[in-house]
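The chain contents come next:
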Amino acid sequence: MLRSAGLPGRRVLAVCIAIVAVAGPAQAKPWWLRGAAGAGRDFLPPGVAFRVSARIVGRRVAIRWDIAHGYYLYRSKMQVAAASPDLIVGRLHLPPGVHLTDRYFGAQEVYYRRVEASVPFTRLDFGAHPLQIKLTYQGCATAGLCYPPIVEVIFPDAYPAAGAAPSPSTASAMWEWLAIAAGMLAFLVAGLVGRRARQSPRPDP
Amino acid sequence: MKRTRAIPAAAVVVFVAAWSGVRLSGHRGVPVPAGESSAPTAADRVPIPAPPLPSVRIPQRVPPFTLTGLDGKPRSIAQFQGHSLIINFWATWCGPCRREIPLLQSIASAWRGRHFAVVGVAVDRRENVAKFARRFKIRYPLMSGEQDALAVATAFGVATPAFPFTVFSDERGRIVALYLGELHRPQIDLILGVVQALNANRIALPAARRAVATGLARLDSDTAAG
């Protein structure tokens, strides 16, 4: 009984394996979708090619783009705007980029690998709203593909303030060791007090 | 006596409470942006592993669509029925798109009168496209649009817009290849050769698609090796 029940199960398993074997590679590499010559791989989605992170440093927001190998961002296309109420943002400070001469666009300044920018801000809401900044940027793959301008709202409040205070992991480790030391000290003091209390003559009731 | 024993016991309680309080405060879970340290590391040079642009469902045939011509009048792709098409999606702000325009111009001239047509679909404002077409003397037909042109790109299966991309179809409107990225002469010659063979019934459609895929892979490896 058990053997006869096991046979259809094996067949189903074999069929499943066959389907996965056939469908797997077909899905991974569609026959008609090809990247540019020499790329050796398909193109990345824009959110992966250009990754943004931000943090508050004093009265400025430090914004950083991590750019995947083989991709670049145009300096002239980077913009910031206030996206939360009662927020004023200043001019975006960008480092000089790499000069790229395009036959049609002329001289262009671009960034490879990474770019760190900063923007001054003033909050008139006393922190009532989460800080939101709208970023616009645009980039391409060196293998010959460009993405339309990307508009993204970032929340620098979501990350801890940096610069003035030690990093969160250092701070937590410091407080942890301080608590251990305080506990040990309390234990020692309590032990000493207890010993002294035992040694001292008790008054007769 | 009771009082003296209570003091060390209280100290133990304080110690345990302080320890567990710090352990449970969750400081270790604070989100830190990826790659926060500013010093460059070896990892920075490694390409970020990620899935490719989402795999798309390319239609079997060129979907019907109508956009605006440079004269402001509606222009339908149906007017090119019976032609093998090279439908090039581009934008004026896109460098690689601009670079491949001379190649498309020369292809349009070389294949004129042989039931081949190059059609440019600009995902851009019509004024920008008209100005650009005048400046660069583009002679093949152009259509343009913004959201409507993006919808056409999506109809071809390119849901995440990125430019340029070019669709090649045979005389019967069957899609033979969709090429994402800047085209170069060897790639375009290869695909057009296959389309020609398909039109002459020397090859079936599945074999044509395979020929394009293997031919492009060979060109890729040749370029990488060279």
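About the criteria used
Residues numbered from 1 in each chain as written. Chains lettered and ligands numbered in written order. Predicted model: local features only at pLDDT ≥ 70, side-chain atom pairs only at ≥ 80, totals over all residues. Helix = DSSP H or I, 4+ residues; strand = E, 2+ residues; numbered from the N terminus. Buried ≥ 20, exposed ≤ 12 C-beta atoms within 10 Å, placed from the backbone. Contact = placed C-beta atoms within 7 Å. Expected span 1.5 Å × (residues − 1). Arc of directions from axis to C-beta. Pairing = 2+ DSSP bridges. Axes fitted to C-alpha atoms, helices over the stretch in contact; angles between N-to-C directions. Core = buried A, V, L, I, M, F, W, Y, C linked by C-beta atoms within 7 Å.

A. Layout of the overall build of chain B. Each helix and strand in chain B was counted, giving six helices and seven strands. Helices and strands in chain B line up, N terminus first, as α-β-β-β-α-β-α-β-α-β-β-α-α. By residue count, 32% of the 226 residues in chain B fall in the buried class. Nonlocal contacts in chain B, meaning residues at least 24 apart in sequence, comprise 67% of its contacts between residues at least 6 apart.

B. View of helix α5 (residues 185-199) of chain B. All names here are of chain B. With 15 residues, α5 should cover 21 Å at 1.5 Å per step; its first-to-last C-alpha distance of 21 Å lies within 8% of that length. Those residues of α5 not exposed but buried are Gln187, Ile191, Val194, Val195 and Leu198. The arc that holds the buried residues of α5, viewed along the axis, is 100°, so those residues lie on one side. Positive phi shows up at asparagine 201, right after α5, with a value of about 60°.

C. Broad picture of the sheet that holds strand β6 (residues 87-89) of chain A. Residues and elements named next belong to chain A. Spatially, the four strands line up as an open sheet ordered β2-β3-β9-β6, and their pairing is antiparallel. Of all the strands in the sheet, the pair left with one neighbour each is β2 (50-57) and β6. The sheet shows a mean angle of 30° between the axes of neighbouring strands, direction not considered. Relative to strand β9 (residues 114-123), strand β3 (residues 60-67) runs antiparallel, the two sharing seven bridges. Bridge pairing in β9 links alanine 62 to serine 118.

D. Geometry of the sheet that holds strand β5 (residues 79-82) of chain A. Residues and elements named next belong to chain A. Reading across the sheet, the three strands line up as β5-β10-β13 and stay open at both edges, with antiparallel pairing between neighbours. Both edges of this open sheet fall to β5 and β13 (150-154), since each of them pairs with a single strand only. This sheet shows a mean twist of 20° between the axes of neighbouring strands, independent of strand direction. Pairing between β5 and strand β10 (residues 133-137): four bridges, direction antiparallel. Bridging from a neighbouring strand, valine 80 pairs with leucine 135 of β10.

E. Examining the nonpolar core more closely. In terms of nonpolar packing, the biggest core is built from 82 residues, with Ile67 and Leu73 of chain A together with Val119, Val121, Phe163, Val176 and Leu178 of chain B touching the most fellow members. Looking at this core element by element, the count peaks at six residues for strand β7 (residues 175-180) of chain B. Non-local contacts of valine 176 of chain B, meaning those with residues more than four positions away in its chain, are made with Phe168, Ser169, Asp170, Ile191, Val194, Val195, Leu198, Ala208, Arg209 and Val212 of chain B.

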